[in-house]
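Here's the letter readout for the chains.
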Amino acid sequence: MNKFIYPGQIIGLLGGGHRSYLLALAAKQMGFRVAVLAANDTDPALQVADIHFVGGGTLANARALHALAKSSDAVIYEDELIDINLLEEITSYGAYLPAGSDVLAMTQDRYLEKVFFDEHNINIAPYATVVNVQDVKDAIDAIGYPAILKPMQKGFGPTYQYIIRDEKDIPESESYLRNGTYVLESWLPIKKELAVVAVRDGDGNVKDFPVLENIYRNRRLVATMMPARVDTMVKQEIRRICNLIGSEINYTGVFTVEFFMTDSGSIYAKRIIPALTDAASIYMNTTSFAAAEMHLRALLGWPLGIIRSLSGGLSLMVRNNQVTSVYMQSQIKPDWHFYYYPVDTPNLPANALVGHITTTGPDLDHLIEVVNATELWKLA
């Protein structure tokens, strides 16, 4: 069981960004003081922190890590891809890290994650590990076309991935394989992308939120829908898998399991994310507890709340190149919930996430029609 952290004590957030900003807000609402270690002094999470630590462009700053450890009653990391060495270093300074770090070795490594799925009889896309072009040729014989090369370690981005559509694409894979071992996996005919968010407390109890449907464009999240537009049997199987995973991982806090669903209705596990996600923001307005609060409850030794669905809804991601147009929607959509993040970093990329919007109601089709009419998002 995790140590109980009282209101008024200090929660240390290791890493900044908009999700740390939202987590800091939730912690403040629960009565905690918040310390943040961010890489840069323009980080949005620092705007709501009581205590500021800045790493001078990096989190790997020994002095800042030591200061965060000594000032915090519990330290929480926000990024699923955080360097495990940082967590080992900050715990060496005496920091209490209630989430643990064991699960990250598996979830940051595509091969180990797939082995975990295989060991628990969870359906995944066919795959093989490859180190050279001959391996790719041999694997294609079993996997078939199309297939996609992905780096063994997550976090490198789509520029390090390569789609092999037919035989003439195979030689080009050599330039990618110079970076190290890759995973080659079958490219599935995806109809929907689904996700389930759950929370695991320090005693291993798992509670799951309603199943979500995510819409991506160019590999970026555009919108999240709740409830997912799939039949009950699919939702039950997704929840079963989620609870199985929750019972097997050594981790405390909110985690997400993402899935592909094909035209035939088959579901394939995609990945496990041991952290808050942007999709989980929809629960702020649609369920009895927000994901950020449940994350904190699990980590800080509080009892988990009862998760009840209050309303269906849509959550829309707001990118930097949309923000001016979205300000207009703020003036004409009185029933929409607008959340803008204080991301005022110079030269912010056009596709940077700067906020999200949630609109709720019992009729998802109507909500989709209203969103499509804005011409800012196109939802199927």
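This text follows the structure it describes.
Not measured: the values here are computed from a predicted model.

S.K.: Could you clarify how one ought to interpret the packing of helix H1 (residues 18-29) against helix H10 (residues 291-299) in this entry?
M.R.: The description of two helices packed together rests on the angle between their axes and the distance between the axes. Close contact between H1 and H10 brings their axes to 9 Å; oriented N to C, the two are set at 65°. With respect to each other, H1 and H10 are oriented roughly perpendicular. Here H1 and H10 pass one another in a crossing that is right-handed. Residues Leu-23, Ala-26 and Ala-27 of H1 touch H10, and the partners they reach there are Ala-292, His-295 and Leu-296.

S.K.: Looking at this structure, I do not really get the sheet that holds strand S8 (residues 182-186). What am I missing?
M.R.: Paired through backbone hydrogen bonds, the strands of a sheet run either parallel or antiparallel to each other. Reading across the sheet, the 4 strands line up as S5-S8-S6-S7 and stay open at both edges, with antiparallel pairing between neighbours. Strands with a single pairing partner mark the edges of an open sheet, and in this sheet they are strand S5 (127-130) and strand S7 (162-164). Mean inter-strand twist for the sheet, computed between neighbouring axes without regard to direction, equals 25°. As defined by bridge partners, strand S6 (residues 147-151) adjoins S7 across 3 bridges and the pair is classed as antiparallel. Among the inter-strand pairings, Leu-149 is bridged to a residue of S7, identified as Tyr-162. Strand contacts of helix H5 (residues 110-119): S5, S6 and S8, with the helix running at about 145° to S5, the strand carrying the most contacts.

S.K.: What am I meant to see in the sheet that holds strand S2 (residues 33-38) here?
M.R.: With parallel pairing, the 4 strands of this open sheet are ordered in space as S3-S2-S1-S4. Each edge of the open sheet carries a strand with a single partner, namely strand S3 (51-54) and strand S4 (74-77). Mean inter-strand twist for the sheet, computed between neighbouring axes without regard to direction, equals 20°. In this structure, strand S1 (residues 10-14) lies alongside S2, joined through 5 bridges in parallel fashion. Its bridge partner being in S2, Ile-11 is matched across the sheet by Val-34.

S.K.: So what exactly am I meant to see when it comes to the environment of Ser-325 here?
M.R.: Mapped onto the secondary structure, Ser-325 falls in helix H11 (residues 323-332). With relative accessibility at 39%, the residue Ser-325 sits in the partly exposed group. For the pair Ser-325 and Leu-376, spaced 51 residues apart in sequence, the C-alpha to C-alpha distance is 7.9 Å.

Cut-offs used in this document
- Residues numbered from 1 in each chain as written.
- Predicted model: local features only at pLDDT ≥ 70, side-chain atom pairs only at ≥ 80, totals over all residues.
- Heavy atoms only, no water.
- Axes fitted to C-alpha atoms, helices over the stretch in contact; angles between N-to-C directions.
- Helix = DSSP H or I, 4+ residues; strand = E, 2+ residues; numbered from the N terminus.
- Parallel < 35°, antiparallel > 145°, perpendicular 65-115°, else oblique.
- Left-handed = near helix turned anticlockwise from the far one by under 90°.
- Contact = heavy atoms within 4.5 Å.
- Pairing = 2+ DSSP bridges.
- Buried < 20%, exposed > 50% of the residue type's maximum accessible area, 1.4 Å probe, protein only.

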